Amino acid sequence: MCGIVGYVGKKDCTNVLIDALSKLEYRGYDSAGIAILDNDSIKVKKTKGELKILEEKLRSDSTFHGHCGIGHTRWATHGEPSDINSHPHGNARLSIVHNGIIENYKELKSFLEKKGYVFESQTDTETVAKLLDFYYSGDPMEAITRVVKEIEGSYALGIIFKDFPDTVFAVRKDSPMIVGVGDDEYFIASDVPAFLKYTNRYILIEENEIVRINSSGVSVTDIHGIDVNKQVSVADWDMESAEKGGFEHFMLKEINEQPTAIKTTITPRISNGMPDLSECGITPERLAAYNNIFIVACGTAMHAGMLGKYIIEKLARVSVTVDVASEFRYRDPIISDNDLVILVSQSGETADTKEALRIAKEMGADTLGIVNVKGSFIAREADMVLYTHAGPEIAVASTKAYMVQIAMFYLFAFELAYAKGTISKEECVRLTSVLEQVPEKVGALLETQSSCQYIAHQLMNADSLLYIGRGLDYALSMEGSLKLKEVSYIHSESYAAGELKHGTISLVTDEMPVIAVATQRKLYEKTLNNVLEVKTRGAKVIFITHENINVSEEAADYVIGIPSIDDILMPMLAIVPLQLIAYYTSVAKGINPDKPRNLAKSVTVE
Ligand code: F6R
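Computed from a prediction, not measured in an experiment: that's the story for all the values here.

Chemist: Please provide a residue-by-residue account of the pattern of salt bridges, values included.
Modeler: With the rule as written, the count across this model stands at 37 salt bridges. Glu-206 is the partner of Arg-380 in a salt bridge, and the nearest nitrogen-oxygen pair spans 2.7 Å. A residue pair is termed long-range when its members are at least 10 positions apart, and Arg-380 in helix H12 (residues 377-381) and Glu-206 in the loop between strand E11 (201-204) and strand E12 (210-214) qualify at 174 residues. The partly exposed category is assigned to Arg-380, whose relative accessible area is 29%. Via salt bridges that share partners, Asp-19, Lys-23, Lys-197 and Glu-243 belong to a single interconnected network.

Dropping the structure here:
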């Protein structure tokens, strides 16, 4: 939520900042703005709307050039999207960009108003800018330190001062921010893709460390002004991974990257044919000792957890509770120190999931993060971490991150089941080898899914639709439904197929689309009966099942056949058409699936 960038170097900072912001638009696109230092003055350009509007405005201003500046792309929290509420905020002496929420901004604002400050915007950020101005009397470090001691909440701040024409200052707490280290050029950014084009070397910044980047390099001090030695890490993401690479949208590119993402995630974790998660400290002995497992996450990551629950319980016979992180943190869960809490998060920075992690640790449980972004909060704070290797996920709607999260759950479930003695070594090896075949099958499936485009055209005018399934197919349909609604704006719900008759079937009217997922052979006849029930009430049914199952016309209007694999692994294949249907429906409706309205990736506020 909100992306911040900063640049110091020999290049024209306007171009670099815009380019860097374009890689962070997934964090919000309500407004964009930059502030640069030019000839001892601060110049600001900001505007409501997507970055391209700012770019247009800058094109018509030939004076906007410098070598040091900050930038922002906003997901509005306090104050509607408008020019005045856009970042940067500040005055002729200083300018700031902010990602996060200042919780005590009302008290600070009234203090500052009493001191004579007049506020223009409705943002919490303006309070920080004015407080900084209040404390600034020539020493930026002193002013930043005093501000940091007074503000409460979450923040990643990029700051420039008129008196320091080649320096960007930065500080963070509970919002991500890293420093990019190039050749004679330095960056601050919310995320690595912002500067990948220029450098893959970066420094992680801890809470309330104060950063200075200028022509002589990077320096970091703690809140007491003591220098901190920082290590430079190297990101294994390349520049292409943050570009569209010939695809029309990031979402489509990322769907197509899934075979590679699965392979890179599972291959290093298979040894002698068996899953091996020992890299993070998971051993069969440790696994065997857990009584209960909790999976906590938000949105798509939570849906991956739902699948994880079905797989783990089926194979390992360990009880798994799945919680939405925003509920978990307030429901006073019953967890003991023999339990394992798994936090699933692409970004590793989701506010509610971070808080769930804190609670789980406080209660004495072991914590395991399944995280995509290296060095993110959850990756650093969980007792154990398993990185998914999806590469940067730029599209707001998560696809490849979901795929690798479920791949990780398969490996985990196989290892746990073997550790608990609920499957034999032979079965564990067999299941692992079937998992290894998945990337190729997903690749083949992606080649043959033109039918999804046709189906999308049949759905695009629907007001509402249902996704139904049983067992693993129900867990999967939750994700199918979320994907469609977030990128196509069509209302949809997922239902356990057997639950329809208990109320929801009254919604079914003539021509209402129902997407039925039926890949679990044991449950096939049951789901088929539910499909017939909606079909006889006029529903238009899209039926997703094994390609070798013959579905009668009486049951389905369209059938999507999936190549067969063990039923337990079918979700990894069946998710592909669900993602593609969502993508093509969005495109058919003229929506940009990469930037659905009101959404932002990486929800760093509660
Ligand atoms: C939906 C989507 C979101 C995220 C959720 C959690 O497509 O991407 O539902 O899954 O906001 O985000 P992470 O995984 O970063 O914690």
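After that view, the rundown keeps rolling.
Chemist: Account for helix H16 (residues 472-488), naming residues and giving values.
Modeler: An α-helical segment advances 3.6 residues per turn. Residues three or four places apart therefore align on the same side. If you check H16, its first and last C-alpha atoms are 24 Å apart, about what 17 residues at 1.5 Å a residue would give, namely 24 Å. Burial runs high along H16: 14 of the 17 residues are buried. Within two residues after H16, Tyr-489 carries a phi angle of roughly 65°, on the positive side.

Chemist: Give a detailed account of the sheet that holds strand E5 (residues 89-90), specifying residues and quantitative values.
Modeler: Within the open sheet, the six strands sit side by side as E5-E6-E7-E8-E12-E13. Their pairing is antiparallel. Both edges of this open sheet fall to E5 and strand E13 (217-221), since each of them pairs with a single strand only. Alignment of strand E7 (residues 153-161) against strand E8 (residues 168-173), held across four bridges, turns out to be antiparallel. Among the inter-strand pairings, Ile-159 is bridged to a residue of E8, identified as Phe-169. On the sheet, helix H4 (residues 125-135) packs against E5, strand E6 (94-102) and E7 and is oriented at approximately 135° with respect to E6. In the packing of helix H5 (residues 140-150) onto the sheet, the strands contacted are E7, E8, E12 and E13, and the crossing angle to E8 comes to about 20°.

Chemist: For the site of the ligand, give the residues involved together with the corresponding values.
Modeler: Residues in contact with the ligand amount to 13 residues; listed here are only the nearest, Ser-345, Gln-346, Ser-347, Thr-350 and Glu-486. Between the ligand and Ser-345 there is a distance of 2.6 Å, counted from an oxygen atom to a side-chain nitrogen or oxygen. Note that an oxygen atom of the ligand is positioned 2.7 Å from one of the side-chain N or O atoms of Ser-347. Summarising the interface, the protein chains cover 88% of the accessible area of the ligand, which totals 400 Å² for the free molecule. Elements with a contribution of two residues or more to the shell around the ligand: helix H9 (299-316) and H16. Among the elements that make up the shell around the ligand, the one with the highest residue count is H9 (three residues). By residue class, the composition of the shell around the ligand is four nonpolar, seven polar and two charged.

Chemist: Any details on the packing of helix H1 (residues 13-22) against helix H2 (residues 51-59)? Residues and values, ideally.
Modeler: Describing two packed helices takes the angle between their axes plus the distance from one axis to the other. Two elements in contact, H1 and H2, have axes whose closest approach is 10 Å; the angle formed by their N-to-C orientations is 165°. Accordingly, the angle class assigned to the pair H1 and H2 is roughly antiparallel. The two elements H1 and H2 cross, and the hand of that crossing is left-handed. Contacts from Thr-14, Ile-18, Leu-21 and Ser-22 of H1 reach H2 at Leu-51, Leu-54, Glu-55 and Leu-58. Residues that form the contact of H1 with H2 fall into these classes: five nonpolar, two polar and one charged.

Chemist: Now, about the environment of Val-551: what can you tell me, with residues and values included?
Modeler: Mapped onto the fold, Val-551 is located in the loop between strand E25 (540-546) and strand E26 (558-562). Sequence separation between Val-551 and Gly-116 is 435 residues; the distance between their C-alpha atoms is 74 Å. Among residues more than four places away in sequence, those in contact with Val-551 are Tyr-524, Phe-543, Thr-545, Ala-556 and Val-559.

Chemist: Go over the state of the cysteines with me, naming the residues and quoting the values.
Modeler: Using the criterion set out here, one finds zero disulfides in the structure. Sulfur of Cys-68: no disulfide; nearest cysteine sulfur belongs to Cys-13 and is 6.8 Å away.

Chemist: For the packing of H16 against helix H18 (residues 570-588), give the residues involved together with the corresponding values.
Modeler: Their axes nearest at 8 Å, the elements H16 and H18 cross at an angle of 20°. When the axis of H16 is compared with that of H18, the two are roughly parallel. Crossing angle aside, the handedness with which H16 passes H18 is right-handed. Residues Leu-472, Leu-476, Glu-479, Gly-480, Lys-483, Leu-484, Val-487 and Ser-488 of H16 form the contact with H18, whose participating residues are Pro-571, Ala-574, Ile-575, Leu-578, Gln-579, Ile-581, Ala-582, Tyr-583, Thr-585 and Ser-586. The residue makeup of the contact of H16 with H18, split by class, is eleven nonpolar, five polar and two charged.

Chemist: Residues and numbers for the domain arrangement of the protein, please.
Modeler: One can read the domain layout of the protein as domain 1 (3-242), domain 2 (250-423) and domain 3 (448-588). Taking the mean C-alpha position of each, domain 1 and domain 3 sit 45 Å from one another.

Chemist: An account of the sheet that holds E25 is requested, with residue identities and associated values reported.
Modeler: Pairing is parallel across the open sheet formed by five strands, whose spatial order is E23-E22-E24-E25-E26. The open sheet is flanked by strand E23 (491-496) and E26, the only strands paired with a single partner. With direction set aside, neighbouring strand axes in the sheet form an average angle of 15°. The sheet contact formed by strand E24 (residues 513-518) and E25 spans six bridges and is parallel. From the neighbouring strand, Ile-515 faces E25, where its bridge partner is Ile-542. In this fold helix H15 (residues 450-459) packs onto strand E22 (464-469), E24, E25 and E26, with an angle of close to 145° to the strand it touches most, E26. Packing against the sheet, H18 makes contact with E22, E24, E25 and E26, and its axis sits at approximately 140° to E26.

Chemist: How would you summarise the packing of aromatic side chains if you had to cite specific residues and measurements?
Modeler: Scanning the entire structure with this criterion turns up twelve aromatic pairs. When the ring of Tyr-7 is compared with that of Phe-187, the centres are 5.2 Å apart and the planes differ by 55°; the resulting orientation is tilted. Residue Tyr-7 is located in strand E1 (residues 3-8), and its partner Phe-187 is located in strand E10 (residues 186-189); the two are separated by 180 residues in the primary sequence. Residue Phe-187 is classed as buried on the basis of its relative accessible area of 2%. Arranged with centres 5.1 Å apart and planes meeting at 70°, the rings of Tyr-583 and Tyr-584 form a pair that is edge-to-face. Aromatic ring contacts, followed pair by pair, group Tyr-7, Phe-187, Phe-195 and Tyr-198 into a single cluster. Over the ring of Tyr-387 we find Lys-374; its NZ or CZ atom is 5.6 Å from the centre of that ring.

About the criteria used
- Residues numbered from 1 in each chain as written.
- Predicted model: local features only at pLDDT ≥ 70, side-chain atom pairs only at ≥ 80, totals over all residues.
- Heavy atoms only, no water.
- Salt bridge = Lys/Arg side-chain N within 4 Å of Asp/Glu carboxyl O.
- Helix = DSSP H or I, 4+ residues; strand = E, 2+ residues; numbered from the N terminus.
- Buried < 20%, exposed > 50% of the residue type's maximum accessible area, 1.4 Å probe, protein only.
- Expected span 1.5 Å × (residues − 1).
- Pairing = 2+ DSSP bridges.
- Contact = heavy atoms within 4.5 Å.
- Axes fitted to C-alpha atoms, helices over the stretch in contact; angles between N-to-C directions.
- Near = heavy atom within 4 Å.
- Polar contact = N/O pair within 3.5 Å; in protein donor to acceptor, adjacent residues only side chain to side chain.
- Areas by Shrake-Rupley, 256 points an atom, 1.4 Å probe, with all protein chains shown as cover.
- Nonpolar A, V, L, I, M, F, W, Y, C, P; charged D, E, K, R; others polar.
- Parallel < 35°, antiparallel > 145°, perpendicular 65-115°, else oblique.
- Left-handed = near helix turned anticlockwise from the far one by under 90°.
- Disulfide = S-S within 2.5 Å.
- Domains from an automatic or database assignment.
- Phe/Tyr/Trp six-rings, centres within 6.5 Å; stacked < 30°, edge-to-face > 60°.
- Lys NZ or Arg CZ within 6 Å of the ring centre and 35° of its normal.

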